[in-house]
Amino acid sequence: MARDYYGLLGVGRNASDQEIKRAYRKLARELHPDVNPDADAQERFREVSAAYEVLSDAEKRRIVDMGGDPLESGGGPGGFSGAAGFGGLGDVFEAFFGGMNTSGPRRPRGRVQPGADSLLRTRLSLAECAVGVTKHLTVDTAVLCDLCQGAGTNGNSKPVRCETCGGAGEVQTVQRSFLGQVMTSRPCPTCRGAGETIPDPCRKCGGDGRVRSRREIAAPIPAGVANGMRVRLAAQGEVGPGGGPAGDLYVEIVEQPHDMFVRDGDDLHCTIRVPMVDAALGATVVVDTILDGPTELTIPAGTQPGEVSVLRAHGMPKLRSSARGDMIAHLDIVVPTKLDAKQSDLLRKYKAMRNGERTEVLSAQSEHNSGLFARLRASFSGR
Ligand SMILES: [Zn+2]
Ligand SMILES: [Zn+2]
């Protein structure tokens, strides 16, 4: 006995193609296994899908209208094949309306992807930062698989279309919500979005097209780099999945503290202790510099505590420039603490010659104090 295909879809025998389509769409939304895991619903979904397959095909519908059953011709019972051609519910709507997503189906993203950047840190002394160096570094990144040259396949085998997603690279799920049914897409778990799989993968890389490898590189570090700066080495990073183009390698500078200099941009600061008499009479001393070896530094006669003496262009080189920062010597005037009798005597004679020189309290508004008190006020208000 022929099945009642019209009854399964709930339409009259004279229903138009549009009405049949609409009726099936409505039922599919209720019964599709993605929405309704109930066993009865799944059985009904197969039946209504079969009914739709028959009634949407003019030739099969003609057989039904003549009292026959176009799906019975294969002989076996339960010969419904209607649902077989459909994948997810999304495909059902795809077939009718060109997709539910406003964005439409995405293209598979492909197996070959660009590689990631990688980051490596290297310690440099201040002197190395000043002159620039070639650093020999050990890098552990993904590199192109030399057995398959990135193809990921074994010998002459070929990738095949992914069975889970049919090559789309994504799978759709439908959830009920108060807005109705919402379809969401996620990357296919089988092919991870590539749309294809490799049934016979490369023996060396397992199909990834790349292998991890440790290698030595010579990283040119330019003069003038500073702590935290990153030097980019193009295409020395990770090779991508499927042998995709390598990312970049960044070498980050970790500058070691120097035992004499404190760096401030391109300037170098140091502190020099100057005996009281040298500060008073003036002196020329020889100091170490970062790039120029021992160099004469002038301490002018009458130098006061906290004053600086600057060696212009004896600091750090500016990056990608021939210019240099300064070396700034902060002069710490040392008052002698242990005087023998002869020295004390000399200083008393000196004091007598400087008659009129007295210890005095300065006005708070004096030029000398304004800087000091401004710093004090700042430190109090900062609490
Ligand atoms: Zn390989
Ligand atoms: Zn897939």
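Along each chain, numbering runs from 1 in the same order as the chain's sequence is written. Chain letters start at A and ligand numbers start at 1, both assigned in the order the entries are written. Local features are withheld for residues below a pLDDT of 70 in this predicted model, meaning they are given only at 70 or higher, and side-chain atom pairs are given and counted only at 80 or more; totals for whole chains, interfaces and linings count all residues. Hydrogen atoms and water are omitted, and side-chain values are computed over all heavy atoms in the structure.

Visitor: Explain the overall build of the chain here, please?
Guide: Secondary structure elements follow DSSP: runs of H or I no shorter than four residues count as helices, runs of E no shorter than two count as strands, and numbering proceeds from the N terminus. Each helix and strand in the chain was counted, giving nine helices and 15 strands. To sort residues, take the accessible area from a 1.4 Å probe on protein chains only and compare it with the maximum for the residue type: under 20% means buried, over 50% means exposed, and anything in between is partly exposed. Relative to its 383 residues, the chain shows a buried fraction of 35%. Should any heavy atoms of two residues lie within 4.5 Å, those residues are considered in contact. Taking all contacts inside the chain whose residues are at least 6 apart in sequence as the whole, residues at least 24 apart take part in 65%. Residue exposure ignores everything except the shown protein chains as possible cover, and the areas themselves are Shrake-Rupley values with a 1.4 Å probe. Accessible area of the chain: about 23,200 Å², with a carbon and sulfur share of 52%.

Visitor: Is there a simple way to explain the coordination of the zinc ion (ligand 2) in this structure?
Guide: Under perfect tetrahedral coordination by four donors, a metal shows angles of 109.5 degrees; under perfect octahedral coordination by six donors, it shows angles of 90 or 180 degrees. Note that water is not among the atoms considered, so a metal site may appear incomplete; the donors listed are N, O and S atoms within 2.8 Å of the metal, with 3.2 Å applied to Na, K and Ca. Only C162 (SG), C165 (SG), C188 (SG) and C191 (SG) from the protein reach the zinc ion (ligand 2) as donors, at distances of 2.2 to 2.3 Å. Think of it this way: with four donors and all angles in the 85 to 135 degree range, the site is tetrahedral; with four or six donors, opposite ones beyond 155 degrees and the rest between 65 and 115, it is square planar or octahedral; otherwise it is irregular. Around the zinc ion (ligand 2), the four donor atoms sit at angles spanning 103 to 115°, and that spread fits a shape best called tetrahedral. The sequence motif formed by the donor residues of the zinc ion (ligand 2) is C-x2-C-x22-C-x2-C. Here C162 is found in the loop between β3 (160-161) and β4 (170-177), whereas its partner C191 is found in the loop between β5 (180-187) and β6 (196-197), with 29 residues between them in sequence. Side by side, C162 and C191 carry an identical accessibility label, which is buried.

Visitor: Explanation requested: the sheet that holds strand β9 (residues 249-255) in the structure shown.
Guide: The strands making up a sheet are joined through hydrogen bonds of the backbone, oriented either antiparallel or parallel. Between any two strands, at least two bridges found by DSSP are needed for them to pair. An order of β1-β9-β8 is seen for the three strands of this open sheet, with the pairing classed as mixed. Every interior strand has two partners, whereas the edge strands, β1 (118-124) and β8 (230-233), have only one. Strand-to-strand twist across the sheet, computed as the mean angle between neighbouring axes with direction ignored, equals 25°. Fitting a line to C-alpha atoms yields each axis, with helices limited to the stretch in contact; the angle taken between N-to-C directions then spans 0 to 180 degrees.

Visitor: What am I meant to see in the sheet that holds strand β15 (residues 327-334) here?
Guide: The sheet built from four strands is open, its strands ordered β10-β11-β15-β14 with mixed pairing. Of all the strands in the sheet, just β10 (262-264) and β14 (308-311) have a single pairing partner and so form its edges. Going from strand to strand, the sheet's axes swing by 30° on average, the running direction of each strand aside. Pairing of β14 with β15, which is carried by four bridges, proceeds in the antiparallel orientation.

Visitor: Sorry, what's going on with the nonpolar core here?
Guide: In a soluble, globular protein the nonpolar side chains are often hidden away together inside. Nonpolar core, defined: a set of buried Ala, Val, Leu, Ile, Met, Phe, Trp, Tyr and Cys residues in which side-chain atoms within 4.5 Å join the residues together. I221 and I272 are the most contacted members of the largest nonpolar core, which has 33 residues in total. Counting 21 residues, the second-largest nonpolar core is a separate cluster that includes L31, A50, V54 and V64.

Visitor: I tried to follow helix α8 (residues 341-353) on my own but got confused; where do I start?
Guide: Residues lying three or four places apart along an α-helix face the same way, a consequence of the helix completing one turn every 3.6 residues. Multiply 1.5 Å by the residue count of a helix minus one, and that product is the helix's expected span. Here α8 is 13 residues long and its end C-alpha atoms lie 19 Å apart, about the 18 Å a rise of 1.5 Å per residue gives. Counting buried positions along α8 yields one of 13 residues, so the element is predominantly exposed.

Visitor: Explain the confidence of the model for the chain here, please?
Guide: Detail in the predicted coordinates should be disregarded across regions flagged by low pLDDT. The quantity called pLDDT is the predictor's confidence in a given residue, expressed from 0 to 100. Per-residue confidence for the chain gives a mean pLDDT of 86; residues scoring 70 or more make up 89%. Overall, residues 74-87 carries pLDDT values under 50, and its contacts beyond four positions in sequence, including any with other chains, amount to 19 contacts. Contacts for the low-pLDDT stretch residues 94-104, under 50 throughout, to residues beyond four places or in other chains number 16 contacts.

Visitor: Mind showing me how you'd approach the coordination of the zinc ion (ligand 1) here?
Guide: Looking at the metal site, the zinc ion (ligand 1) is ligated by C145 (SG), C148 (SG), C202 (SG) and C205 (SG), spaced 2.3 Å from it. Coordination geometry of the zinc ion (ligand 1): the four donor atoms subtend angles of 104 to 115° at the metal centre, consistent with an arrangement described as tetrahedral. Mapped onto the polypeptide sequence, the residues donating to the zinc ion (ligand 1) form the spacing pattern C-x2-C-x53-C-x2-C. With C145 in the loop between β2 (133-144) and β3 and C205 in the loop between β6 and β7 (210-221), this residue pair connects regions lying 60 residues apart in the sequence.

Visitor: Sorry, what's going on with the pattern of salt bridges here?
Guide: Oppositely charged side chains can pair when the atoms bearing their charge come close. A side-chain nitrogen of Lys or Arg and a carboxyl oxygen of Asp or Glu constitute a salt bridge if their distance falls within 4 Å. Within this structure, the stated rule accounts for 25 salt bridges. The partner of K60 in a salt bridge is E53, with the nearest N and O atoms 3.1 Å apart. Its relative accessible area of 23% is what places K60 among the partly exposed residues. E128 is the salt-bridge partner of K135, the closest N and O atoms lying 3.8 Å from each other. In this structure, a network of salt bridges that share partners links the residues D140, R212, R214 and E238.

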